[in-house]
Every structure is written in structure tokens, then in C-alpha cells.
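Each chain, letter by letter, is given below.
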Amino acid sequence: MKKPKWNLEWDDGMSVGIPEIDEDHKRFISLIDELNLAITERMRAAEINRRLLHVIEDTNQHFEREEHFFRERQYPNAEGHARSHNNVRNTLKKIQDSFMPYGLEAEWLDAALMIKQILINHILDEDMQYANYFKSIKAK
Ligand SMILES: [Fe+2]
Ligand SMILES: [Fe+2]
């Protein structure tokens, strides 16, 4: 597994070769940056929460788009990939549920900052698998 740098931005190495999906990835990485900025700048809890919800909504829409794409193109590992999406969804949900408006603990802030790592790892590990698969069948 490639270990991304903390402040990794989207780069061509993260391209799955499908422009709409690359656009999704770029957008949610920038939303996560906005969330991280709110945390490191110690913005109001309400603002942190607003940005967190935005990341979660956007990620969920993106996951649905990918799953729809897999069904359309009959990707053999669609189920395994959907399971991995569910794991990420559950982790994000836990962070969202443990949000406390009157006092954010260091532990919660650390968990929220980990979202970037979780999503980038998902792109570099799981998403790259379907990227390679679709590239390989195109090459045939
Ligand atoms: Fe993705
Ligand atoms: Fe994915």
C-alpha cells in the first residue's frame, strides 16, 4: 500500500482513467481540505460540523456513482468494492455521530483529520483495482 503524504493533493497518479470519477475525487479531496483547515484553524464547532457533513454527503454520492458505474459495466468485483464503501461509510458515520457541539475533544478532532487518509487510501488501493481492470479490458 502506498502511504500518501499528509497533505497530498490530487495528482495524476490517482487518476482512474475515467474523467467523471477523477472529477469526483478531486472535488471531495478539496472538500476534505476545507474540513481539515476548519479543524487546524480551530473554527467554530458548527462550521466544522457543516464541512464534515458536506464531505460525508459528497462521499456518499460519489460511492453511489461508482457502484452504479460498476453495475453498468459489470465489474466482477462490484460486491467487494461495495463492501469496502460500506466500511468507509460506517467509519464516517461513527465520526459524525460522535460529534459534540459543545466541546470538541482532541480525540474527535484526530478522528476527523483521519478522514483524508481513509478516503485517499480507498482511492489508491480499492479504486485503483477497478481502474486497472477497466484499463486492461480496454487494451484487449
Ligand atoms: Fe472513488
Ligand atoms: Fe470506491
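Scroll up to find the structure.
Within every chain, residues take consecutive numbers counted from 1 along the sequence as written. Chain labels run from A onward and ligand labels from 1 onward, assigned in the order the entries are written. Per-residue local features of the predicted model are confined to residues with pLDDT of at least 70, and side-chain atom pairs are confined, for both listing and counting, to 80 or more; whole-chain, interface and lining totals are unaffected and use all residues. As a convention, hydrogens and water are excluded, and side-chain values are obtained from all of the structure's heavy atoms.

Quick look at the coordination of the iron ion (ligand 2)
Reasoning step 1: Coordinating N, O and S atoms are those within 2.8 Å of the metal (3.2 Å for Na, K and Ca), and as water is not part of the atoms, a site may appear to have fewer donors than expected. The protein atoms donating to the iron ion (ligand 2) are Glu 66 (OE), His 81 (NE2), His 85 (NE2), His 122 (NE2) and Asp 127 (OD), with metal-donor distances spanning 2.1 to 2.3 Å.
Reasoning step 2: For the iron ion (ligand 2), the single-chain donor residues occur in sequence as E-x14-H-x3-H-x36-H-x4-D.
Reasoning step 3: The distance between the iron ion (ligand 2) and the iron ion (ligand 1) comes to 3.5 Å, and Glu 66 binds to both of them. One end of the pair, His 85, is in helix α3 (residues 78-97); the other, His 122, is in helix α4 (residues 106-139), with 37 residues separating them in the sequence.
Reasoning step 4: The classification of residues rests on relative accessible area computed with a 1.4 Å probe and restricted to protein chains. Under 20% of the type maximum is buried, over 50% is exposed, and intermediate values are partly exposed. Residue classification places His 122 among the buried residues on the basis of a relative accessible area of 3%. Strands are runs of DSSP state E lasting at least two residues, helices are runs of H or I lasting at least four, and both sets are numbered from the N terminus onward.

Notes on the coordination of the iron ion (ligand 1)
Reasoning step 1: Protein ligation of the iron ion (ligand 1) involves His 25 (NE2), His 62 (NE2), Glu 66 (OE) and Asp 127 (OD), the donor distances falling in the range 2.1 to 2.2 Å.
Reasoning step 2: The rule is simple: four donors are tetrahedral if all their angles sit between 85 and 135 degrees, four are square planar and six octahedral if opposite donors span more than 155 degrees and the others lie between 65 and 115, and anything that fits none of that is irregular. Coordination at the iron ion (ligand 1) comes from 4 donor atoms whose angles at the metal span 85 to 172 degrees, giving a geometry best classed as irregular.
Reasoning step 3: The sequence pattern formed by the donor residues of the iron ion (ligand 1) is H-x36-H-x3-E-x60-D.
Reasoning step 4: The exposure class of His 25 is buried, given its relative accessible area of 0%.

Thoughts on the pattern of salt bridges
Reasoning step 1: Only one rule defines a salt bridge in this text: a Lys or Arg side-chain nitrogen within 4 Å of an Asp or Glu carboxyl oxygen. Here the structure, examined in full by the defined rule, presents 9 salt bridges.
Reasoning step 2: We note a salt bridge from Asp 24 to Arg 27, for which the minimum N-O separation is 3.4 Å. Of this pair, Asp 24 and Arg 27 both sit in helix α1 (residues 19-40), 3 residues apart, roughly one helical turn.
Reasoning step 3: A salt bridge links Asp 58 to Arg 27; its shortest N-O distance comes to 3.0 Å. Note that Asp 58 is positioned in helix α2 (residues 45-73) and Arg 27 in helix α1, a separation of 31 residues in sequence.

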